[in-house]
Amino acid sequence: MTDGILGKAATMEIPIHGNGEAGQLPEDDGLEQDLQQVMVSGPNLNETSIVSGGYGGSGDGLIPTGKSFSSTGRKVRVGPQRHLVYLREASVRELDPLGSGRHPSHSTTPAGPGDEVARGIAGEKFDIVKKWGINTYKCTKQLLSERFGRGSRTVDLELELQIELLRETKRKYESVLQLGRALTAHLYSLLQTQHALGDAFADLSQKSPELQEEFGYNAETQKLLCKNGETLLGAVNFFVSSINTLVTKTMEDTLMTVKQYEAARLEYDAYRTDLEELSLGPRDAGTRGRLESAQATFQAHRDKYEKLRGDVAIKLKFLEENKIKVMHKQLLLFHNAVSAYFAGNQKQLEQTLQQFNIKLRPPGAEKPSWLEEQ
C-alpha cells in the first residue's frame, strides 16, 4: 500500500524556485489523506532532515533543516532526479496562531502551593525511611555481634537481675492465675451439681412418705452448701480478678518499659561501636565531619538510654510495693473464705466478704456496667 501511495506521489512534479521554496501543489484530497496515513503508520521522526539520496539509500546526504515540525508531514518527490524528500512541516496554527513567526518558548508552568506541599511531605517520608533503614542496619549488626561474641554490650547487673526476677515472678503468677480460674470452674460445676441434687431430694421427699424426713434433711443441707458455695465462689472470683489485673496490666506495663529500655540499650551500643570505629580511622576533613555527626547521634541515644534506665528502675520499685500490698489483701481473703467454707461457718464467710467489700450478684443477674463497678 505504501509503495502505491509513493508511486502516486512520484508522478507529481513540484517546481523549485530560485530561492529554494517549492511551488504550491494543486489540491488533491485523496493524495493528502494517503500521505497522512503513511506518515502516521510510518516511523515517528523526532528530527527533520532532507534526504538527498534515493528512497532507502544511505544517509550521507542528510541536511538538517533546523526547524521544528508537526506530525502532519508530507512525502513528496522533488525535481527530475526522482529523490524523495521527507518533510515534517510545522503547523503554524498550532505553534503560532497569531502568525508572529516566532518559535514557541519551552517555558514550564510554575509549581503551585499544593505541589510544593506534596514534594515536602514526600521528602520528609524519604528522610524517615532513610533514618529507619540506617538505624535498623546498625542495630542488627550490633545484635549479631553480641550473639556471636564479637561485640561488647552495656550491662547494668543490678537492673538486669531485677528484670529477670520480674519475668520469673510473672510466669509464676500466671500459673497461679490459671489454677485459680480452674478452681472457679470446678466450684461452679459443684454448685450446679449440689443445686440439682437438692432439688432431687426435695422432690423425693414429697413422693416418698416413708423417707420424707431423711430426704428433707439432705435437701436442706444441699441448699445450705449451695448458698455457702456461692459466697465462696464470689470470693474466689474477686481473688482471680485481682491477680489478673496485677499480671496483665501492672506487670505488663512495666515489661513494656523494659522492652523499650532494651531497645534503647541496643541502639546505644550500636552507635557507640560506630563512634569507636570512626575514632580509630584516619583524621581528614571528611572524616572529621562524620565523626562530629556520629558523636552527636551517640549522645542523643545515650541520653535516651539513661532516661529509660531510670524509668525502669522507678517502675520496678513501684511494682514491688504494689504487688506486696495487693497480694497481702488477696491472700488473706482467700484464706479466710476457704477456711470458713470448709468449716461450715456461714457467718464468718459472710463477714469475710463484708470485710473486703465484695458484693455477690444474685443468680441470673446481669453483669454491672463499668461505671457501677467504679
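Residues numbered from 1 in each chain as written. Predicted model: local features only at pLDDT ≥ 70, side-chain atom pairs only at ≥ 80, totals over all residues. Heavy atoms only, no water.

- In the annotation of an unreviewed UniProt entry, the protein is listed under the name Arfaptin-2 isoform X1 and assigned to Carlito syrichta.

## Thoughts on the overall build of the protein
Alright, step 1. A count of helices and strands for the protein gives 9 helices and 4 strands.
Alright, step 2. Ordered by position in the sequence, the α and β elements of the protein form the string α-α-β-β-β-β-α-α-α-α-α-α-α.
Alright, step 3. Partitioning the contacts of the protein with sequence separation of at least 6, the portion at a separation of at least 24 is 67%.
Alright, step 4. A total accessible area of about 26,100 Å² is found for the protein, and carbon and sulfur atoms account for 55% of it. (Helix = DSSP H or I, 4+ residues; strand = E, 2+ residues; numbered from the N terminus. Contact = heavy atoms within 4.5 Å. Areas by Shrake-Rupley, 256 points an atom, 1.4 Å probe, with all protein chains shown as cover.)

## So, the confidence of the model for the protein
Alright, step 1. On average, residues of the protein score 74 in pLDDT, and 66% of them are at 70 or above.
Alright, step 2. Model confidence for the protein, summarised as mean pLDDT per element, is weakest for strand E4 (residues 83-87) at 39 and strongest for helix H5 (residues 157-207) at 94.
Alright, step 3. The low-confidence segment residues 1-28 (pLDDT under 50) makes 38 contacts with residues lying over four places distant or belonging to another chain.
Alright, step 4. Note on residues 369-374: pLDDT is under 50 here. Beyond four places in sequence and across chains, it has 2 contacts. (pLDDT = per-residue confidence, 0-100.)

## With respect to the pattern of salt bridges
Alright, step 1. This structure, assessed with the given rule, holds 18 salt bridges.
Alright, step 2. The closest approach of N and O atoms between Arg 309 and Asp 156, which form a salt bridge, is 3.7 Å. Taken as a pair, Arg 309 in helix H7 (residues 285-343) and Asp 156 in the loop between helix H4 (113-147) and H5 lie far apart in primary sequence, 153 residues in all.
Alright, step 3. Between Asp 311 and Lys 307 there is a salt bridge whose closest N-O contact spans 3.2 Å. Of the two residues, Asp 311 and Lys 307 both sit in helix H7, 4 residues apart, roughly one turn of that helix. (Salt bridge = Lys/Arg side-chain N within 4 Å of Asp/Glu carboxyl O.)

## Points about the packing of aromatic side chains
Alright, step 1. Considering all chains together, one arrives at 6 aromatic pairs under this definition.
Alright, step 2. Summarising the aromatic geometry, the rings of Tyr 261 and Tyr 305 are spaced 5.6 Å apart at their centres and angled 20° between planes, so their arrangement reads as stacked. With Tyr 261 in helix H6 (residues 212-280) and Tyr 305 in helix H7, this pair connects stretches of sequence that are 44 residues apart.
Alright, step 3. Judged by relative accessible area, Tyr 305 falls into the buried class, the value being 1%.
Alright, step 4. Taken together, Tyr 261, Tyr 268, Phe 298 and Tyr 305 form an aromatic cluster joined through their ring pairs. (Phe/Tyr/Trp six-rings, centres within 6.5 Å; stacked < 30°, edge-to-face > 60°. Buried < 20%, exposed > 50% of the residue type's maximum accessible area, 1.4 Å probe, protein only.)

## Remarks on the nonpolar core
Nonpolar side chains tend toward joint burial in soluble globular proteins.
Alright, step 1. With 41 residues, the main nonpolar core has Ile 163, Tyr 261 and Val 312 as its most contacted residues.
Alright, step 2. The set of elements that each furnish at least two residues to this core consists of H5, H6, H7 and helix H8 (346-355). (Core = buried A, V, L, I, M, F, W, Y, C linked by side-chain atoms within 4.5 Å.)

## Brief notes about the packing of H7 against H8
Alright, step 1. Contact geometry of H7 with H8 gives a least axis separation of 8 Å together with a crossing angle of 160°. Taken together, the axes of H7 and H8 lie roughly antiparallel to each other. Once H7 is placed against H8, the crossing between them reads as left-handed. Across the interface between the two elements, Leu 332, Leu 333, Asn 336, Ala 337, Ala 340 and Tyr 341 from H7 touch Gln 348, Leu 349, Thr 352 and Gln 355 from H8.
Alright, step 2. Among the residues making up the contact of H7 with H8, the classes are represented as 6 nonpolar, 4 polar and no charged. (Axes fitted to C-alpha atoms, helices over the stretch in contact; angles between N-to-C directions. Parallel < 35°, antiparallel > 145°, perpendicular 65-115°, else oblique. Left-handed = near helix turned anticlockwise from the far one by under 90°. Nonpolar A, V, L, I, M, F, W, Y, C, P; charged D, E, K, R; others polar.)

## So, H7
Alright, step 1. In this model H7 runs 86 Å from its N-terminal to its C-terminal C-alpha over 59 residues, within 8% of the 87 Å that 1.5 Å per residue would give.
Alright, step 2. The positive-phi residue at the C-terminal boundary of H7 is Gly 344, with phi of around 75°. (Expected span 1.5 Å × (residues − 1).)

## Remarks on the environment of Arg 171
Alright, step 1. Along the chain, Arg 171 falls in helix H5.
Alright, step 2. When the C-alpha atoms of Arg 171 and Val 247 are compared, they prove to be 9.0 Å apart, with 76 residues separating the residues in sequence.

## Re the packing of H6 against H8
Alright, step 1. Orientation of H6 relative to H8, taken along the N-to-C sense of each, is 25°, at an axis distance of 10 Å. What the angle tells us is that H6 and H8 run roughly parallel. Judged by the sense of rotation from one axis to the other, the crossing of H6 with H8 is left-handed. The residues of H8 that touch H6, namely those facing Leu 224, Lys 227, Asn 228, Thr 231, Leu 232 and Ala 235, are Gln 346, Leu 349, Glu 350 and Leu 353.

## Thoughts on the environment of Tyr 305
Alright, step 1. Tyr 305 sits 44 residues away from Tyr 261 along the chain, and the two C-alpha atoms are 6.6 Å apart.
Alright, step 2. With sequence-adjacent residues up to four places away left out, Tyr 305 is seen in contact with Thr 154, Tyr 261, Ala 264, Arg 265 and Tyr 268.

## Some points on the environment of Ala 200
Alright, step 1. Mapped onto the elements of the fold, Ala 200 is located in helix H5.
Alright, step 2. On the basis of relative accessibility, which here comes to 35%, the residue Ala 200 falls in the partly exposed class.
Alright, step 3. Residues Ala 200 and Phe 215 lie 15 residues apart in sequence; the distance between their C-alpha atoms is 9.0 Å.

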